[in-house]
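Here is how the chains run, residue by residue.
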Amino acid sequence: MTFDPDRVTTVTFDSYSTLVDVDAVETALADHHDVDDPEPISKTWRSRSMQYTLVGNHIGTYKPFYGVNRDALEYALAAHGVESTADEREDILSAYHDLRVFDDVRESIERLQAGGYDAYVLSNGNPAMLELMVDGADIGDLLVGTISADELETFKPDPELYRHAAGRTGTPLSEIAHVSALWFDVQGAINAGMQGVWLDRKNDPQEPFGPDPDLVCEGLAELADRLGC
């Protein structure tokens, strides 16, 4: 790992699984009358959503992330034998409007702000999703802004999105530390020229494929420590 805190002036954060807990959607799934065990459905939903974004980048098919999530939910329910109406799926999907923020988020970003670092969200989420996420997490006063994949109509790990983020923040790529709980997002940031910080909240094994993260943290407080905040 080659993390260099002295190079960092701006920190960008992924949103889902990094700042807010997407596993909370299991509660919404459990409320469906035909769902006995929401966990495997939730995992299929999340993985399929990510697969759709990756495939979409390669075949030139784009729709805002909320729509991608809708398609992935429909597939996940069907794959697990759960019949659902469009209205029922919309009710489940609306859980993304009110996801639980991780306990370390506000305090850690406050520390970064006090340390002089600009903080942004860089996410696949479309602008309406990110606005609700930021409001729900109560971090709007700590962020300089949010950057959505919708602005380029391409998803991570397309290098153009990270370059776009550098332009939006007015920061050279080499001075940005991108923090994400998603391994391919970290690798995408590194590939584009950022420092990639893997937020390993679940003590997962490190990916043997692709470049190693520049830094691995179990929580955001550890990142603030490394940046001297």
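As the structure is a prediction and not an experimental result, all values here were calculated from the model.

## Quick look at the overall build of the chain
Thinking step 1. Helix and strand counts for the chain stand at 9 helices and 8 strands.
Thinking step 2. In the chain, once contacts between residues fewer than 6 apart in sequence are set aside, the share between residues at least 24 apart is 66%.
Thinking step 3. Counting only carbon and sulfur atoms, one obtains 47% of the accessible surface of the chain, whose full area is about 10400 Å².
Thinking step 4. For the chain, the distance from the average site of its 16 positive side-chain charges to the average site of its 43 negative ones is 3 Å.

## A few points about the sheet that holds strand β5 (residues 145-148)
Thinking step 1. Strand order across the open sheet formed by 6 strands is β5-β4-β1-β6-β7-β8, with parallel pairing between neighbours. Only two strands of the sheet have a single partner each, and these edge strands are β5 and β8 (215-217). Each strand of the sheet is rotated relative to its neighbour by a mean of 25°, with strand direction disregarded.
Thinking step 2. As defined by bridge partners, strand β1 (residues 10-13) adjoins strand β6 (residues 176-180) across 4 bridges and the pair is classed as parallel. The partner of F13 across the bridge, within β6, is V179.

## Comments concerning the nonpolar core
Thinking step 1. Within the largest apolar cluster, 68 residues are counted, with the highest numbers of intra-cluster contacts made by V11, F13, Y16, L19, W45, I139 and L223.
Thinking step 2. Look past the residues within four positions of W45 in its chain and what remains in contact with it is V25, L29, N69, A72, L73, A76, I92, L93 and Y96.

## With respect to the state of the cysteines
Thinking step 1. Counted under the stated rule, the structure contains 0 disulfides.
Thinking step 2. Residue C217 stays outside any disulfide, its sulfur separated by 12 Å from that of C229, the closest cysteine.
Thinking step 3. We classify C229 as partly exposed; its relative accessible area is 25%.

## Details of the pairing of β6
Across a regular strand the side chains alternate sides, sitting on one face of the sheet and then on the other.
Thinking step 1. Burial analysis of β6 places 5 of its 5 residues in the buried class, which makes it a mostly covered element.
Thinking step 2. Neither face of β6 is open: one carries I176, H178 and S180, the other A177 and V179, and all of them are buried.
Thinking step 3. The pairing of β6 with strand β7 (residues 195-199) spans 4 bridges and is parallel. By the bridge assignment, H178 is partnered in β7 with G196.
Thinking step 4. The parallel pair β6 and β7 is bridged by helix α8 (residues 183-192), and the resulting crossover is right-handed.

## What about the packing of aromatic side chains?
Thinking step 1. For the coordinates displayed, the defined rule picks out 6 aromatic pairs.
Thinking step 2. Centroid distance Y16 to Y96: 5.5 Å. Interplanar angle 65°. Geometry classified as edge-to-face. You can see Y16 sitting in the loop between β1 and β2 (20-21) and its partner Y96 sitting in the loop between α4 (86-93) and β3 (100-101), a full 80 residues away along the chain.
Thinking step 3. Ring centres 6.1 Å apart and planes at 90° place the aromatic pair W183 and F184 in the edge-to-face group.
Thinking step 4. Here W183 falls in the partly exposed class, since its relative accessible area comes to 36%.
Thinking step 5. Taken together, the ring pairs in this structure connect Y16, W45, Y62, F65, Y96 and F155 into an aromatic cluster.
Thinking step 6. The ring of Y75 carries the charged tip of R48 above its face, separated from the ring centre by 4.0 Å.
Thinking step 7. Its guanidinium or amino end placed over the ring of F102, R201 lies 4.0 Å from that ring's centre, counting from NZ or CZ.

## Focus: the pattern of salt bridges
Thinking step 1. One pass over the structure, following the stated rule, counts 14 salt bridges.
Thinking step 2. In this structure, R111 engages D225 in a salt bridge whose closest nitrogen and oxygen atoms are separated by 2.6 Å. Of the two residues, R111 is situated in helix α5 (residues 105-114) and D225 in helix α9 (residues 220-226); the sequence distance between them amounts to 114 residues.
Thinking step 3. Note that K156 is salt-bridged to D185, the shortest N-O span being 2.9 Å. Residue K156 is found in the loop between β5 and α7 (159-169), and its partner D185 is found in helix α8; the two are separated by 29 residues along the sequence. Judged on exposure class, the residue K156 and its partner D185 are both buried.
Thinking step 4. Several salt bridges share partner residues, and in doing so they unite D14, K156 and D185 into one network.

Conventions adopted
Residues numbered from 1 in each chain as written. Predicted model: local features only at pLDDT ≥ 70, side-chain atom pairs only at ≥ 80, totals over all residues. Heavy atoms only, no water. Helix = DSSP H or I, 4+ residues; strand = E, 2+ residues; numbered from the N terminus. Contact = heavy atoms within 4.5 Å. Areas by Shrake-Rupley, 256 points an atom, 1.4 Å probe, with all protein chains shown as cover. Lys, Arg positive; Asp, Glu negative; His and termini not counted. Charge placed at Lys NZ, Arg CZ, Asp CG, Glu CD. Pairing = 2+ DSSP bridges. Axes fitted to C-alpha atoms, helices over the stretch in contact; angles between N-to-C directions. Core = buried A, V, L, I, M, F, W, Y, C linked by side-chain atoms within 4.5 Å. Buried < 20%, exposed > 50% of the residue type's maximum accessible area, 1.4 Å probe, protein only. Disulfide = S-S within 2.5 Å. Right-handed = clockwise from strand over helix to strand, strands pointing away. Phe/Tyr/Trp six-rings, centres within 6.5 Å; stacked < 30°, edge-to-face > 60°. Lys NZ or Arg CZ within 6 Å of the ring centre and 35° of its normal. Salt bridge = Lys/Arg side-chain N within 4 Å of Asp/Glu carboxyl O.

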